[in-house]
Structure formats: structure tokens, C-alpha cells
Amino acid sequence: MSARSLYRPRPARVRCSGSFPAEVDGETMSSLRESWLVEDRWWTAEPLRRRYWELVGERGRNVVVFHDLCSGGWFRQGS
């Protein structure tokens with residue numbers, strides 16, 4: 001049995017409408033709960049800058065995604 005991280009970010013397909021994600025991995029987002037910016041390790045050669053969004057999908061489930069502001073990639077956090 002192999003160990004795996006439950007909360008490892010996974011790449012996500014995100015379509016934005018205006019300033020926030022309107023669709024994540026093909027599911028339409030019905031509302032935005034909150035958004036926040038994380039900036040860490042700015043003193044290192046590999047700083048971390050991410051914009052997070054907590055959304056509610058059309059099926060009623062919470063969806064957390066982030067945009068990596070250093071690489072430009074989108075990722076889904078959690079389940």
C-alpha cells in the first residue's frame with residue numbers, strides 16, 4: 001500500500017468570467033464564497049504567490065482552486 005498526500009494540489013482546467021473562475025474541470029461554479037492571496041518564501045529563490053478561490057459548484061459542493069501567480073498554472077486543492 002502506498003502513501004499519498006490527501007491535499008496535494010492537482011492541475012485544473014479553469015475558465016474565468018471577469019475576475020473569478022466560472023468553470024472548474026467542466027463544472028459551472030454557482031457562487032463565490034471568498035478569495036485570498038498567499039505570498040510566502042519571498043526571501044528565497046522560489047517564492048510562493050497564489051490567489052485562492054473558494055467556490056460552490058452547480059452540484060452544491062465546495063471547490064477550492066488557486067492560480068499560481070509565478071508559473072501561471074491553475075490547481076485544485078483538496079478533494
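Preceding this paragraph is the structure being described.
In this report, we go over the structure that sits alongside the text. (Residues numbered from 1 in each chain as written. Predicted model: local features only at pLDDT ≥ 70, side-chain atom pairs only at ≥ 80, totals over all residues. Heavy atoms only, no water.)

Structurally, Trp42 can be placed in the loop between β4 (27-40) and β5 (48-57). When the C-alpha positions of Trp42 and Val14 are compared, they lie 26 Å apart, and in sequence the two are 28 residues distant. (Helix = DSSP H or I, 4+ residues; strand = E, 2+ residues; numbered from the N terminus.)

Within this structure, the stated rule accounts for five salt bridges. The closest approach of N and O atoms between Arg59 and Glu27, which form a salt bridge, is 3.9 Å. Here the residue Arg59 occupies a position in the loop between β5 and β6 (62-68), and Glu27 occupies one in strand β4, the gap between them amounting to 32 residues. According to the relative accessible area criterion, Arg59 is exposed, its value standing at 62%. A relative accessible area of 6% places Glu27 in the buried class. Between Glu39 and Arg49 there is a salt bridge, with the nearest N and O atoms lying 2.7 Å from each other. Placement of Glu39 in strand β4 and of Arg49 in strand β5 is noted, with a sequence separation of ten residues between them. What you see here is one network of salt bridges that share partners, running through Arg13, Asp25 and Arg76. (Salt bridge = Lys/Arg side-chain N within 4 Å of Asp/Glu carboxyl O. Buried < 20%, exposed > 50% of the residue type's maximum accessible area, 1.4 Å probe, protein only.)

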